Amino acid sequence: MIRFDEKNKVFLLNTEHTSYGIALTDDRYVCHLYYGSRLEETDLRYLLREDEGPFTPSSNKRETGSFLDSAPMEYPESGMGDYRESALRIRSAAGYRASELVYEGYEIMAGKPRLEGLPATWGADSACSTLKIYCRDQLLGMKVTLLYSVFQDSDALTRSAIIENEGKEPFYIEKALSACLDMDDRGFEVMGLFGSWARERRIQRIPLGYGRQNIASFRGESSHQEHPFLALVTPETTQDTGEVYAMNFVYSGNFIAQAEKSQFDSVRMTMGIHPEGFTWKLEPGESFTAPEVVMVYSSEGLGKMTRTFHDLYRNHLIRSPWLHRKRPILINNWEATYFDFDEKKLLEIAEDASELGIEMLVMDDGWFGKRSNDDSSLGDWRVNEEKIRGGLNSLVENVKKLGMKFGIWIEPEMISPDSELYRQHPDWALQVPGRDITQSRAQYVLDLSREEVADGVYEMIAEVLHSADISYVKWDMNRQLATMGSYAWPADRQGELYHRYMLGVYRMQERLLADFPDLLLENCSGGGARFDAGMLYYSPQIWCSDDTDAVERLSIQEGTALIYPVSAMGAHVSVCPNHTVGRVTPFVTRGHVALSGTFGYELDITKLTDEEKAIVKAQTAEYHRYNDLIREGDYYRMESYTENKDRDSWMIVSKEKDRALVFCVQVLSGANRKSRFLRLKGLDPDRRYVADGREYQGSTLMRAGLRIPAESGDFKSRLIEIRQV
Ligand code: DGJ
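Just so you know, these numbers come straight off a predicted model, no measurement behind them.

The helix and strand inventory of the chain stands at 14 helices and 38 strands. Relative to the compact-globule value of 27 Å for 725 residues, the chain shows a C-alpha radius of gyration of 26 Å, a close match. Taking the principal axes of the C-alpha coordinates as reference, the chain spans close to 85 × 70 × 45 Å. Put simply, 69% of the contacts in the chain that link residues at least 6 apart link residues at least 24 apart. Summed over all atoms, the accessible surface of the chain reaches about 26,100 Å², with 47% contributed by carbon and sulfur.

Next up on the list: the packing of helix α7 (residues 451-466) against helix α8 (residues 497-515). Contact geometry of α7 with α8 gives a least axis separation of 10 Å together with a crossing angle of 30 degrees. As far as their axial angle goes, α8 and α7 are roughly parallel. For the pair α7 and α8, the sense of crossing is right-handed. Here α7 contributes E451, A454, D455, V457, Y458, E459 and L465 to the contact with α8, which in turn contributes R507, M508, R511, L512 and D515. Classifying every residue of the contact of α7 with α8 gives six nonpolar, no polar and six charged.

What follows concerns the site of the ligand. In the neighbourhood of the ligand, 13 residues make up the surrounding shell, with D364, D365, K474, D476 and D546 lying closest. In this structure, a nitrogen atom belonging to the ligand sits 2.6 Å away from a side-chain N or O atom of D476. Contact distances for the ligand include 2.8 Å between an oxygen atom and a backbone N or O atom of G527. For the ligand, the accessible surface in isolation is 290 Å², of which the surrounding protein chains cover 98%. Of the residues assigned to the shell around the ligand, the class counts are four nonpolar, three polar and six charged.

What counts, and where the lines are drawn
Residues numbered from 1 in each chain as written. Predicted model: local features only at pLDDT ≥ 70, side-chain atom pairs only at ≥ 80, totals over all residues. Heavy atoms only, no water. Helix = DSSP H or I, 4+ residues; strand = E, 2+ residues; numbered from the N terminus. Rg over C-alpha atoms; globule rule 2.2 N^0.38 Å. Contact = heavy atoms within 4.5 Å. Areas by Shrake-Rupley, 256 points an atom, 1.4 Å probe, with all protein chains shown as cover. Axes fitted to C-alpha atoms, helices over the stretch in contact; angles between N-to-C directions. Parallel < 35°, antiparallel > 145°, perpendicular 65-115°, else oblique. Left-handed = near helix turned anticlockwise from the far one by under 90°. Nonpolar A, V, L, I, M, F, W, Y, C, P; charged D, E, K, R; others polar. Near = heavy atom within 4 Å. Polar contact = N/O pair within 3.5 Å; in protein donor to acceptor, adjacent residues only side chain to side chain.

As structure tokens, then:
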């Protein structure tokens, strides 16, 4: 999969359908050669245009600057003459900001090394291989290892970098991105995901102009607003055609993803930790690892890119034992009761739910300390026995008697100013001494850069989890980071806080999974502010959005599923009028939309009508009929409501292509409309299938289409099963 052509000084990393080429110039510069559809030969140096000016420094000593500012670089540094976005910026102990990496050697190894303390894709030695390119800055005593991994069963490639101080003096990393891709422009358009609370991950696609266009967060989390994903697509790109270059960050903190079009019509695409508020002091003997970026190239449009990400994440990122298991259908009491509940109310919900096929009760925010609204008690992780009379264990045992499992909500990263914990440890909150701590939702953020803080909170949470038979944890995080200061770190290490905070969160989640190996963990952040690949390493599912309206969810889930498997998308059926948008949609439609995610309920089931309860029973049966297919299948999109403002449709096709599900939602009905023919995707053109009680050839369904009758009434949906004859 990975070759080095000694004569041409070319590395070629091949996946089944793609190639990534790197070449050495002047035996010292690590240049980018090619990324695209698969090539077989390594005689590719002509792609570097070394015979065109500006020539390489060895043949044109008086003009190094122009070379540095135009050559395609694998890991460009700042301060020496490349004025495009740099990947690395170092400040020496003496305060100078310039570094010069010189190629030193390489290693090709089976498998993939772990990235210390960080989430990352993984694979057996037989399933993937890694290229390590070693570079050195002699003056700083800095070694940089560029890591590239490819997988046998995937068209994705991963990148990261390790920076080591092998010198005698400390230096400061002011910027260490994880990936850079230089290529000629092809009229690229920039695709990203944008949003807000309850409006996460909407797709935006705009032309790339000269200059820099970036997508970023320095909120301390991947965020509701922008997403650590960037794709450059050729203008004709659709779901099924066109070229796509995509990057996705396996990280949950600050990030920057950028496309820059240069004076020479080349494009530099970069991704990594946002340099805003970041400096990392590297003492002699220490190393710093930049988190992983996953890169996907597709010559078959966005759909192929999506399926490559989905498979990579299902096969090589998510580790949970629940990944390939049907998750219990849950009912969460948040939208049912908010903070106003006690054990009696929870048991009433559980009783009705258990009769309708729901398998787990999740107790959301409000069960601990003296919390009866969001003003207090974060950090006081002891059950409030005035609410949960008889204690947690008794509640859990009573739920279990109904044949259900039990899950619990926690928010371990936060501390309320009104909490016992804060009164005992005011220094545990992130803060800048002498300044008011910025409050959000009346809470502060714990200084998880400190091990004793992370351990102290973790131990309280672990005690709760040990105290009863708890099968599921919803790990929430309801505010962004601000007033970044820590009592624990010296002045020249305060710039490490954002990243150290993330490392603290990852360490806590790692501990949680080690101590409770069968736990089903769902990450969450005020809805979907931390739905990212970093979190998927710890939890097989993430709450997608606090907006549970079926129509809003079409866009949110389309954007999310652009990268992440639908089996990871936390999706629940809630009541109408919807609590976020006030819309009334049919119960059946809400079920169909949630079925394309993890599936569950978030409502007061005791208040449903008999008719609605009958639908719940049918939906839970449907979940069991279809979840294996939905969880493991291939995802295809046919129509986007976000684009056409009329209707949405998508499909899940089994890997064996013997079964499929078609989801169609007609958002608004229209007068005097005919039925339409929906061209299906992903089936075998030569096999015969049954759909809606009629037999078709696969090619007929894909070329002529399946007839979808015009619906009367708004927000109507249909779920059609396709089976091979
Ligand atoms: C935000 C989450 O997204 C909600 O589902 C709920 O758990 C609340 N937090 C509780 O505070």
